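Remarks on the overall topology
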There are 2 protein chains.
Amino acid sequence: MATQFFDHINMFVNIDEKDFQRILTFFDLRSVNKKEIIVKAGDLCNFNHFVVDGCLQMFYINDKGTERTIQFAIENWWMTDFLAYHNQSITDFYIQAVENTKILSISYDKQEELLNEFPKLEKYFRVIYQISYGASLIKMKYLLDLSKEEIYFQFTEHFPKFAQRVPQYLIASFLGLTPEYVSEIRNKKRS
Amino acid sequence: MATQFFDHINMFVNIDEKDFQRILTFFDLRSVNKKEIIVKAGDLCNFNHFVVDGCLQMFYINDKGTERTIQFAIENWWMTDFLAYHNQSITDFYIQAVENTKILSISYDKQEELLNEFPKLEKYFRVIYQISYGASLIKMKYLLDLSKEEIYFQFTEHFPKFAQRVPQYLIASFLGLTPEYVSEIRNKKRS
């Protein structure tokens, strides 16, 4: 577990084993059961979560009571409502485990302390957020323009392992499709 | 001009006037005319742009030849295709000035040098990207769920000055609407 987070940080900045052991003390390691909800709409958003193993889903419930998925996070991804986290305000989103998941969670205050003690981690987060923001602009392009069928095939083509692992109804919710529609286009492709 | 960028950086990290004068040497100040295109699809994406004054639009042209707007940047916003910038690869997007615009542009290599010389700017960019990524998750929520009419009213309610300043056809393109549809719902609201 620790090794994987250590390696991930070292992809972007160099830290040694001693620093890493100290860094870990700022986090809580949590085991989250499949379907367990760790953040609810209406909660104060004061934690950031790193996925060690498993998969988290961020969603909200619209006025009609339908779940809409905003984002998934698998191994080595960070997940929170970053704007509410930045503002230390209430979130509109839920975060739930798609499968049994291990996460490293850090509070806003602890993350500030961590960054004061290890300023080099500013670079780690800067690069992570740069990539995440960039990826969300690309997703915007898909959402604005592709047909629902094209979005589904682009997604499964680019993330085949992910598409196999996550239940169809969640992929449907992520892509703004109904589960019935996904079944239909999958059957169409097979035939 | 310089004062405004100085103040913006100082909202997030403390730098003094002497450092700032040195920081400015990493940038090129450019005056971009209304409608001028500064990045084209197919270009290597190796610049990041800070808007000093004016407004930039990021868009792409889909298979049907239609422009779709991904993002606007007004004063104090950064704009590039962040994923292509990170990977130093070809972009699919165009960047164009909506009005006469002044920007500070920095190349990827210069930005790396800048961050090596002033590591405290890692925090500045980390926070900027955290906010930008967070805002894009909120936009995703709107795109996935609201009706086109609701999206338009949410947008004009939250960004009234922006909605007055940017031509209607660009707002339409940003929200995935046709200009005719925007006219129609604006007239409906007036009546």
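Residues numbered from 1 in each chain as written. Chains lettered and ligands numbered in written order. Predicted model: local features only at pLDDT ≥ 70, side-chain atom pairs only at ≥ 80, totals over all residues. Heavy atoms only, no water.

1. Some points on the side chain of Q71(B)
Secondary-structure assignment places Q71(B) in strand β5 (residues 67–73). Look at Q71(B) and you get buried, because its relative accessible area is 15%. Here the side chain of Q71(B) touches Y133(A) through a polar contact of 2.9 Å, side chain to side chain. Sequence-distant contacts of Q71(B), defined by excluding residues within four places in its chain, comprise Y133(A), L137(A), L56(B), Q57(B), M58(B), M79(B) and F174(B). (Helix = DSSP H or I, 4+ residues; strand = E, 2+ residues; numbered from the N terminus. Buried < 20%, exposed > 50% of the residue type's maximum accessible area, 1.4 Å probe, protein only. Polar contact = N/O pair within 3.5 Å; in protein donor to acceptor, adjacent residues only side chain to side chain. Contact = heavy atoms within 4.5 Å.)

2. Quick word on the relation of the copies chain A and chain B
Between the two copies of the chain lies a rotation about an axis combined with a shift along it. The two copies are related by a screw operation: chain A maps onto chain B through 180° of rotation and 0.0 Å of translation along the axis, at an RMSD of 0.0 Å. Here the transformation between the copies is reduced to the relation of a two-fold axis. Counting the interface residues of chain A, we find that 100% of their copies in chain B are interface residues as well, pointing to one common contact surface. (Least-squares fit on C-alpha atoms with pLDDT ≥ 70 in both.)

3. Considerations on the pattern of salt bridges
When the charged atoms of two side chains lie near each other, side chains of opposite charge can form a pair. As enumerated under the stated definition, the model contains 4 salt bridges over all chains in all. Between E122(B) and R126(A) there is a salt bridge; the shortest N-O distance is 2.7 Å. Of this pair, E122(B) sits in helix α5 (residues 121–145) while R126(A) is found in helix α5 (residues 120–145), placing the two residues in two different chains. Look at E122(B) and you get buried, because its relative accessible area is 6%. (Salt bridge = Lys/Arg side-chain N within 4 Å of Asp/Glu carboxyl O.)

4. Remarks on the nonpolar core
For soluble globular proteins, the rule of thumb is that nonpolar side chains tend to be buried together. Grouped together as the largest cluster of nonpolar side chains are 88 residues, with contacts concentrated most on F5(A), W78(A), Y124(A), F5(B), W78(B) and Y124(B). Once residues lying within four places of it in the same chain are set aside, the contact partners of F5(B) are F20(B), L24(B), F27(B), F50(B), W78(B), L104(B) and Y124(B). (Core = buried A, V, L, I, M, F, W, Y, C linked by side-chain atoms within 4.5 Å.)

5. Quick word on the environment of F26(A)
All names here are of chain A. Of note, F26 is situated in the loop between α2 (17–24) and β1 (28–32). Along the primary structure F26 and W78 are separated by 52 residues, whereas in three dimensions their C-alpha atoms are 15 Å apart. Excluding its chain neighbours within four sequence positions, the residues that come into contact with F26 are S105, I106, K110, E113, L114, E117 and F118.

6. Looking at the sheet that holds strand β4 (residues 56–61) of chain B
With respect to topology, 4 strands assemble into an open sheet ordered β2-β7-β4-β5 (chain B), the strand pairing being antiparallel. Bordering the open sheet on either side are β2 (37–39) and β5 of chain B, each of which pairs with just one other strand. The mean inter-strand angle of the sheet, taken between neighbouring strand axes irrespective of direction, is 30°. The pairing of β4(B) with strand β7 (residues 94–97) of chain B spans 4 bridges and is classified as antiparallel. Its bridge partner being in β7(B), L56(B) is matched across the sheet by A97(B). Where α5(A) meets the sheet, it contacts β4 and β5 of chain B, and its direction lies at approximately 145° from that of β5(B). The sheet strands contacting helix α8 (residues 168–175) of chain B are β4 and β5 of chain B, and the helix crosses β5(B) at an angle near 100°. (Pairing = 2+ DSSP bridges. Axes fitted to C-alpha atoms, helices over the stretch in contact; angles between N-to-C directions.)

7. A look at the side chain of Q57(B)
Residue and element names in this part refer to chain B. One can find Q57 in strand β4. Taking relative accessible area as the criterion, Q57 reaches 2% and is therefore assigned buried. Side chain to side chain, Q57 and T69 meet in a polar contact 3.0 Å long. Beyond its immediate chain neighbours, meaning those up to four positions away, Q57 contacts E67, T69, Q71, F72, M79, Y94, I95, Q96, V98 and L170.

8. Quick look at the interface of chain A and chain B
Residue-level contacts link 41 residues of chain A with 41 residues of chain B. Taken together, both faces of the contact between chain A and chain B bury some 4,100 Å²; the carbon and sulfur share is 67%. On the surface where chain A and chain B come into contact, there are 2 salt bridges. Elements with a contribution of two residues or more to the side of chain A that touches chain B: β4 (55–61), β5 (67–74), α3 (82–87), α4 (108–117), α5 and α8 (168–175) of chain A. Looking at the side of chain A that touches chain B element by element, the count peaks at 21 residues for α5(A). By residue class, the composition of the side of chain A that touches chain B is 21 nonpolar, 10 polar and 10 charged. (Buried area = accessible area lost by both parts, 1.4 Å probe. Nonpolar A, V, L, I, M, F, W, Y, C, P; charged D, E, K, R; others polar.)

9. Some thoughts on the UniProt feature "domain: Cyclic nucleotide-binding" (unreviewed entry) in chain A
Look at the UniProt record and you will see "domain: Cyclic nucleotide-binding" (unreviewed entry) annotated at residues 11–115 of chain A. For residues 11–115 of chain A, the helix share is 21%, the strand share is 41%, and the end-to-end C-alpha distance is 18 Å. (UniProt positions renumbered as here; feature names shortened; annotations may be inferred.)

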